[in-house]
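Reading the structure
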Amino acid sequence: MFREWREKGYIMPARMLRVTMGALPSLIKVLLRHPVYVMKSNLAARKNAVDLGRPSYEIPEYVEGMPYCKSNERYLRPTHLCNPHAKEIIALANHLGAYKLPDWEFAENVFNFVKKNIKLAFVGMDREVDTLRRGTGTCVHQLSLFAALCRAGGLKARYKLYSLALVEPLYENMIEVSPIMKSWYDALGSFMLHGTAEVYIDGEWVVADPTFTPEYEAAMGLPLAKLGDDPMGIWNYPLEGTVMLLEGLPYGVGVAWNFLVNFLAKGERIKIDRSMNEARKKGREILDEMGEEEYDASVRAKYEAKIPKITLEKVPNLVFE
Amino acid sequence: MPVENVKETLDEILHDYIPSSISTPSEKALYEPDTFYGLPQKKADEYRYGAIKYAFRHHYENNRFYREVCRENGVTPDDIRSIDDFSRIPLITHKFFKDYPSGRDFAVWLANLMSTEVPKVVIKGKNPSFDDVIDAFAEAGVVVAFSSGTTGKFTFIPRDAWTYKMGQYAIGRSAIEMLKHWYEPDASGFLLFPNPKKTNIYVGKVTNVMYDLVKDVQVAIDREITTQILRISMGVTFNFKEKMMSKMIKAASKKMNEDMVKRMVNWIDEMYKKGERILFAGAPFILNMALDRLEEEGKSYDFGERGAVLTGGGWKIHEDKRLPVEVFRERVGKILGIPPENCLDLYAMVESNGFLVHCPEGHYFHIPQNYFHVRVIDDDGEDVAYGEEGRFAFLDGIAMSYPGFISTGDKVKIHERCPACGREGPVLEPEVERIKGEEIRGCAEEMRRIIMEE
């Protein structure tokens, strides 16, 4: 059992523990320094909650006998907060083409569903079906939903988590709107945890970053992410030595997070959610005006000129002993 | 008495940094002018055009990777016919210098990055660390300077002896020219950075020339700083051993800081009693620690014109606190009696050999226009108008061993002329910020993480 727990990532890996333990003192310090501000912010949140709306989709109905992957193989089996055997997940996976479409097309449908429909919001950590029912979640919620749908459809999926530095528009929209978050981020020089998913197709792990809806990407001036696009170097810069590949999320992963966003700094969380919601509205206008394809093409052209690569050619004067 | 002719005096003192024959346009632009900041615009343009065109052709012809970048952008050296064409020279993002492999491939990467001939470098071991490779290059005469942001990923820049010496001469001239009303070679200095002899961290290495500029130099951080130590100080540890090292470094920091502050306070006292001219050069937060101590002890001095402070590397003094430059100058004035015109900031970075220094009159950053071309660009890479903010980018006319045409992660505001003094050419606002979201970087921040026990 211990081995299985370890494989599934239920026991928090040392690296994640280090990241969390490294980040918490600065957060506690920031909160302790501004108790009145935090209290006022939480009180204001009660009166002025943010409305992210209802999901724009209907969850398909589960029909007995729908096919789903029952394998206990690594990356296919259920893990903490990622249950591919849940009825709603099976129904949706089937609706998105599981066992009918080629692997890439099915994975692409899953990716597009999560990306286009699940709005980024700093809610407490919960199950994949909760994310599906609510239509909102953090990047980790979205990865769990993506992985669960892929696994239900027989595709292996896993998490790739890391700490990261953000590009300017994201920093302004997500971090700067909350003085607490800003102080925390500035103290660390990075955001504690983000992730992408990876899905195994045709013998390769393919990156999937469904974090942002197209509206939000347009508001931030980012290209519209597709299945296979890695956000590293586009909108985020991972912190050296923090990248973790996990089959599942560890137990206890959300305890501190839930306490933070649901209680301790609820007001700040709402500020960030509101800021992201406003940005999505602006992004919608941009996409309506330009069209998604044209917008994406124009932004991608800009991003193509990013980092040149050196071809490592042999240098005669370099002697290796 | 302060020196009358800075160039004459420094050329004598810094003769080891000047080649026996000055032949290339880059060398002419650096070594010929009587002044870096006071040239008539036309003359400065002539020098700069020559230096940058020469450097561009040099990299195009000798650096395969940069030639590829130029081809992708459809530019050749023949397309550069005036300063107006400088905007066509392809810029490399600063992130490029963070995108390297490890082990033996790191050495190959460095060698392929170089536009000058790679001397014979012997790398030992199957999987050499960054420090092993840096040491091997150093033995062959190539200084691989590094810097790190908060993500713990390093920026590495290889400088051959030619580029390194030009850079050293440039920082010496730039700094002293703005402090010429204070400067005497007989002065004593306190370096608020690591000992240049014991590290390749850029902030330390670049100040090596200070040993030649003043008669006596004390060093705040007199210990070896490798990439490993810097990374661990940034909070990035890869194994248990490094974790333990991190704890030991932090535990030792308190006492070391105490000793450092004590040494500084004693030095200040001694210099004051002796009537010496003094210079503090380096991270402002370190001097700020000494000022705190002096304030606690109720001490103050009146160095007046005898004292000077040349800061650099950023203004973060605590985890979440930035020290306003003006407040710092006021403190220096109040506690050390050093006037604001002797308290200047210098803006530089590991990727460049251009040193922008505050003018004493208004504390705007002046550009050494004889060899260094500054561009302030928007998100599309277009130059912003004067008075606007944008990303700092530069074309470095004396970077010979690597292509010094780089866009950075810093945000600056550019003015057509200095609002405070009569020197010609554009200037930058007195304070530079990081572009939001870019990882926090700055030499002073590196030092802060190395020595603070936070």
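Definitions and limits used
- Residues numbered from 1 in each chain as written.
- Chains lettered and ligands numbered in written order.
- Predicted model: local features only at pLDDT ≥ 70, side-chain atom pairs only at ≥ 80, totals over all residues.
- Heavy atoms only, no water.
- Axes fitted to C-alpha atoms, helices over the stretch in contact; angles between N-to-C directions.
- Helix = DSSP H or I, 4+ residues; strand = E, 2+ residues; numbered from the N terminus.
- Parallel < 35°, antiparallel > 145°, perpendicular 65-115°, else oblique.
- Left-handed = near helix turned anticlockwise from the far one by under 90°.
- Contact = heavy atoms within 4.5 Å.
- Nonpolar A, V, L, I, M, F, W, Y, C, P; charged D, E, K, R; others polar.
- Core = buried A, V, L, I, M, F, W, Y, C linked by side-chain atoms within 4.5 Å.
- Buried < 20%, exposed > 50% of the residue type's maximum accessible area, 1.4 Å probe, protein only.
- Phe/Tyr/Trp six-rings, centres within 6.5 Å; stacked < 30°, edge-to-face > 60°.
- Lys NZ or Arg CZ within 6 Å of the ring centre and 35° of its normal.
- Pairing = 2+ DSSP bridges.

Turning next to the packing of helix α2 (residues 14-33) of chain A against helix α9 (residues 179-188) of chain A. Residue and element names in this part refer to chain A. Two numbers describe how α2 lies on α9: the axes approach to 9 Å, and their chain directions differ by 140°. By the angle between their directions, the pair α2 and α9 is classed as oblique. Crossing of α2 against α9: the hand is right-handed. Residue-level contacts link Gly-22, Ala-23, Ser-26, Leu-27, Val-30 and Leu-31 of α2 to Ile-180, Ser-183, Trp-184, Ala-187 and Leu-188 of α9. Residue composition of the contact of α2 with α9, grouped by class: 8 nonpolar, 3 polar and no charged.

Looking now at the nonpolar core. Counting 151 residues, the largest nonpolar core has Phe-137, Phe-156, Phe-280, Leu-287, Leu-336, Tyr-371 and Phe-392 of chain B as its most contacted members. The element best represented in this core is helix α11 (residues 240-274) of chain B, accounting for 8 residues. Judged by nonpolar contacts, the second largest core, of 84 residues, contains Leu-31, Leu-143, Ala-148 and Ala-152 of chain A.

Our next topic: the packing of aromatic side chains. Here the structure, examined in full by the defined rule, presents 47 aromatic pairs over all chains. Plain terms: the ring middles of Phe-65 of chain B and Phe-96 of chain B are 4.6 Å apart, the flat faces sit at 10° to each other, and that makes the pair stacked. One end of the pair, Phe-65 of chain B, is in helix α4 (residues 64-73); the other, Phe-96 of chain B, is in the loop between β1 (92-93) and α5 (104-113), with 31 residues separating them in the sequence. Overall, Phe-96 of chain B belongs to the buried group, its relative accessible area being 1%. Taken together, the aromatic side chains of Phe-65, Phe-96, Phe-97, Tyr-100, Phe-106, Trp-109, Phe-130, Phe-146, Phe-154 and Phe-156 of chain B make up a single cluster linked through ring pairs. The positively charged end of Arg-158 of chain A is found above the aromatic ring belonging to Trp-205 of chain A, 3.9 Å away from the centroid. Over the ring of Tyr-211 of chain B we find Lys-197 of chain B, and its NZ or CZ is 4.3 Å from the ring centre.

Examined against the element boundaries, His-95 of chain A turns out to sit in helix α4 (residues 87-95). For the pair His-95 of chain A and Tyr-62 of chain A, spaced 33 residues apart in sequence, the C-alpha to C-alpha distance is 9.8 Å.

Once that is clear, we can look at the pairing of strand β16 (residues 405-415) of chain B. All names here are of chain B. A large share of β16 lies buried, amounting to 10 of its 11 residues. In this structure, β1 lies alongside β16, joined through 2 bridges in parallel fashion. Bridge pairing in β16 places Thr-93 opposite Ser-407. With 6 bridges connecting them, strand β15 (residues 389-396) and β16 associate as antiparallel partners. Within β16, the residue paired with Ala-393 across the bridge is Ser-407. With 2 bridges joining them, β16 and strand β18 (residues 433-434) adopt antiparallel strand pairing. Following the sheet pairing, Lys-411 is matched in β18 by Glu-433. In the sheet, β16 pairs with strand β17 (residues 427-428) via 2 bridges, with the strands oriented antiparallel. Each residue of the ladder has a partner; that of His-415, found in β17, is Val-427.

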